[in-house]
Amino acid sequence: MCGIFCLFPRSNPSVNCPGNFGDIYEEHFRDTLNRRGPDYAKSYTFQGIFFAAHVLWHQGGDLCPQPIEDEHGILIFNGDLFMDEITVAKSDTSWLLDALSRCSSSEDVKNLLRILTGPFCFVYYQKSSRSLLFCRDILGRNSLLIGVKEDSVVLTSAGEKSSEYNLIEVPPLGLYEILWDAGEMKISFWDEMISCTNYFLTEEAFLKSHIESKGMKYSSTKDFINPVWLEKHSMEFDYSFKVIFEGISKEPPDQLLQRGQSLIFPVIKKLIGLLETSVRDRVTTTVKRCKNCLRNSDASHCNHAKVGILFSGGIDCSILAILADKFIPRDTGIDLLNVAFEKNTPKGKEIDWNVPDRQSAKEALEELKRVCPERTWNLIEVNVAKEEKTECLTKNVCHLIYPRNTILDESLGVALWFAARAEDNSTCRVLLIGSGADELFGGYTRHRVAFDRGGEESLKQELENDWARLPSRNLARDDRVICDHGVTQRSPFIEERLVSFLLHLQPLQKCFPPLGPGVGDKTLLRICGYHLGLRKTAWRGKKALQFGSRVANSQQNANDISQFLT
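For clarity, every value in this text was computed on a predicted model and none was experimentally measured. Per chain, the residues get numbers from 1 upward, laid out in the order the sequence is written. Per-residue local features of the predicted model are confined to residues with pLDDT of at least 70, and side-chain atom pairs are confined, for both listing and counting, to 80 or more; whole-chain, interface and lining totals are unaffected and use all residues. As a convention, hydrogens and water are excluded, and side-chain values are obtained from all of the structure's heavy atoms.

Notes on the pairing of strand β15 (residues 334–341)
Cut-off, in case you're wondering: Burial status follows relative accessibility: with a 1.4 Å probe on protein chains alone, a residue under 20% of its type maximum counts as buried, one over 50% as exposed, and anything between as partly exposed. Numbering of helices and strands starts at the N terminus; helices are DSSP runs of H or I of at least 4 residues and strands are runs of E of at least 2. Whether two strands pair comes down to DSSP finding at least two bridges between them.
For β15, the tally of buried residues reaches 8 of 8 residues, placing the bulk of the element in the interior. Every second residue of β15 is oriented toward a common face, with Ile334, Leu336, Asn338 and Ala340 on one face and Asp335, Leu337, Val339 and Phe341 on the other, all of them buried. Looking at chain direction, strand β14 (residues 307–310) and β15 are connected through 3 bridges and run parallel. What sits directly across from Ile309, in β15, is Leu336.

In structure tokens:
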């Protein structure tokens, strides 16, 4: 993982360089990026382009310094490639540079992008063509921001909202290319089916307007980058929860889940297998020392927790915990991070930290101890006072959430920031989060409302809308706030083969809203949890993070602009 920074002139870099790029970097970006990548930092100028990188080491036998350069190009890479072609001893960054170096044109780069799997974004300067290429993966899991001024352009993982650059999130639309001589930015889109969705088109229109308003040309190519994993259709399963459950909703939840388990066992087996692979890659692909022992060169062995889980006690995170237990050595603990916020406490009264998510986390922990009795589970209770929340939000977190700016962004951003910080009680360098589960399995109240309004077709449209806007509504923001603590967020539910499998299932093969909260939402996932041994947690109703942690006021409008983020 890496904090990316690249600042370059609008015209030919070797001809016209403003000369103060290093000062801009030092004043507005360096400190934030250094917290993202505390293991190594380097910056330099090449042919008028300023490159800087801050590395958080996970892959390879040795840390791979960035920016990384050879005779063909310069690469700054932020992400994790989970691919069979990359051996344990080799860094995914150096592997990607080698692959890019074999590309003689942007067409070759597009062909390379088709086979990449894992969360990533990168900036690559191709020396032979004197062009700058940059990209976010098709699922938009990592943050990349762009800012355009009259004389220059900046690309960065995160930055201050007070900088001179009007930063916006680079939409995960495809491969971008800066053509210096033409003063133009050109884009080649991801898969045609995805590129034609309404939300995708809205994102492109916003980007195009932003670029052209600064006097820069914008164009798109007519070809598409079709990732290989999207071409593989999942197995067909002939079942429907409507057939299985209709008319029997009065049975107790555990009986309903048990009934579903017996009738759709092949689907359960397939889904758990895909989830196991995703979790395995995300918990084993990291340095074998925790963040404290990594700083201590004398530490020869480390059995402290390297992996943590954002833990509300719900079905998503509890399944991740059970699957993580399969692949992490038994003498190593796993941190379960649970955050609670102070509400209005009367003077002289003791603060009540027993918020809904704290209660459900303690109950789910007892189930984990029963299902995985040999594991040391470290429930880390993160308690945040009102004054501390306001201070940190104003000083640090507002810059990380930027350019997102709603009440919902504020609530979720600050909750994730404090959870990942864990008051320095956690030693983990990887944090698993359940992002994507609600969008893929039908976990929101609006999914039930859509079904009540227009049946399966309306539910299908709502699920498609949620999935399309997930990268811009959640993922980039979450990446910025969590990584501020030198911790890498990894989202096992948002994995290519798993996503492909789930997107090919019909809505009523994933949820059945008439069963109500706790069973009808994310029905397929709940049945998998029941199969894995979760008896109470499997049918515990969902409570959104902002309300379960008490960080948000339910009287506020989530889409209103936050006073802290303007």
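Here we look at the confidence of the model for the protein
Fine structural detail should not be taken from predicted coordinates in areas where pLDDT scores are low. Note the cut-off: Note on scores: pLDDT gives the predictor's confidence for each residue, bounded by 0 and 100.
Per-residue pLDDT for the protein has a mean of 91; in total, 98% of the residues score no lower than 70. Helix α12 (residues 315–325) holds the highest mean pLDDT among the elements of the protein, 98, whereas helix α5 (residues 192–195) holds the lowest, 73.

Thoughts on the pattern of salt bridges
Between side chains of opposite charge, a pair can form when the charged atoms approach closely. As a reminder, the rule being used: The term salt bridge refers to a side-chain nitrogen of Lys or Arg lying within 4 Å of a carboxyl oxygen of Asp or Glu.
All chains considered together, the criterion is met by 39 salt bridges. Two residues, Glu374 and Arg330, come together in a salt bridge whose shortest N-O distance is 3.2 Å. Pair noted here: Glu374 is in the loop between α13 (356–371) and β16 (377–384) and Arg330 is in the loop between α12 and β15, with a separation of 44 residues, a long-range link. Under the relative-accessibility criterion, Glu374 is labelled exposed at 57%. One salt bridge in this structure joins Lys522 and Asp438, with 3.0 Å as the shortest N-O distance. A residue pair is termed long-range when its members are at least 10 positions apart, and Lys522 in the loop between α18 (496–503) and α19 (523–531) and Asp438 in helix α16 (residues 437–441) qualify at 84 residues. Accessibility expressed as a relative area gives 3% for Lys522, which makes it buried. You can call Asp438 buried: its relative accessible area is 8%.

A closer look at α12
The element α12 is extensively covered by neighbouring structure, given that 11 of its 11 residues are classed as buried. Of the positions making up α12, those classed as buried are Ile315, Asp316, Cys317, Ser318, Ile319, Leu320, Ala321, Ile322, Leu323, Ala324 and Asp325.

Considerations on the state of the cysteines
Heads up, the rule is: Any cysteine sulfur atom paired with another within 2.5 Å is treated as part of a disulfide.
Counted according to the given criterion, the structure contains 0 disulfides. With no disulfide partner, Cys121 has as its closest neighbouring cysteine sulfur the one in Cys135, 8.7 Å distant. Given the relative accessible area of 0%, Cys121 is considered buried.

Side note on the sheet that holds strand β7 (residues 131–136)
Threshold: Should any heavy atoms of two residues lie within 4.5 Å, those residues are counted as being in contact. Orientation is described by axes fitted as lines to C-alpha atoms, over the contacting stretch for helices, and by angles from 0 to 180 degrees between their N-to-C directions.
With mixed pairing, 7 strands are arranged side by side in an open sheet as β4-β5-β6-β7-β11-β12-β13. Looking along the sheet, the strands with just one partner apiece sit at the ends: β4 (68–69) and β13 (217–225). Packed on one face of the sheet, helix α3 (residues 92–101) meets β4, β5 (73–79) and β6 (120–126) and runs near 140 degrees to β5.

A short note on the side chain of Ser411
As for its placement among the helices and strands, Ser411 is situated in helix α15 (residues 407–421). Those residues in contact with Ser411 that sit more than four places away from it in its chain are Gln546, Val551 and Ala552.

Structural notes on the pairing of β7
β7 sits mainly inside the fold: 6 of its 6 residues count as buried. Here β7 shows two buried faces, one formed by Ser131, Leu133 and Cys135 and the other by Leu132, Phe134 and Arg136. Looking at chain direction, β6 and β7 are connected through 6 bridges and run antiparallel. Residue pairing across strands places Phe122 opposite Cys135, the latter belonging to β7.

Comments concerning unusual backbone geometry
Here the amide bond leading from Gln66 into Pro67 is cis, since omega sits at -5 degrees, within 30 degrees of zero. Position of Pro67 relative to the elements: it lies in the loop between β3 (49–55) and β4. Cis rather than trans, the peptide bond between Tyr402 and Pro403 has omega equal to 15 degrees. Not every positive phi belongs to a glycine, and Gln47 is a case in point at roughly 50 degrees. Of note, Gln47 is situated in the loop between β2 (40–46) and β3. Even without glycine at this site, Lys522 takes up a positive phi of about 55 degrees.

Focus: the environment of Trp467
You can see Trp467 is positioned in helix α17 (residues 445–482). Separated by 36 residues in the primary sequence, Trp467 and Leu503 have C-alpha atoms spaced 9.5 Å apart. When residues no more than four places from it in sequence are discounted, the contact partners of Trp467 are Leu139, Glu439, Leu440, Ile494, Val499 and Leu503.

Points about the packing of α12 against α19
Rule in force here: In this scheme, roughly parallel covers angles under 35 degrees and roughly antiparallel covers those over 145, while 65 to 115 is roughly perpendicular and the rest are oblique. With the far helix as reference, a near helix turned anticlockwise by less than a right angle produces a left-handed crossing, and one turned clockwise produces a right-handed crossing. Residues are sorted three ways: Asp, Glu, Lys and Arg are charged, Ala, Val, Leu, Ile, Met, Phe, Trp, Tyr, Cys and Pro are nonpolar, and all the rest, Gly among them, are polar.
With their axes 10 Å apart at the nearest point, α12 and α19 run at an angle of 40 degrees to one another. When the interaxial angle is binned, α12 and α19 end up oblique. Remark: the crossing between α12 and α19 carries left-handed chirality. Counted together, Ile315, Asp316 and Ile319 of α12 and Leu525, Arg526 and Gly529 of α19 form the full contact between these two elements. Taken together, the residues of the contact of α12 with α19 sort by class into 3 nonpolar, 1 polar and 2 charged.

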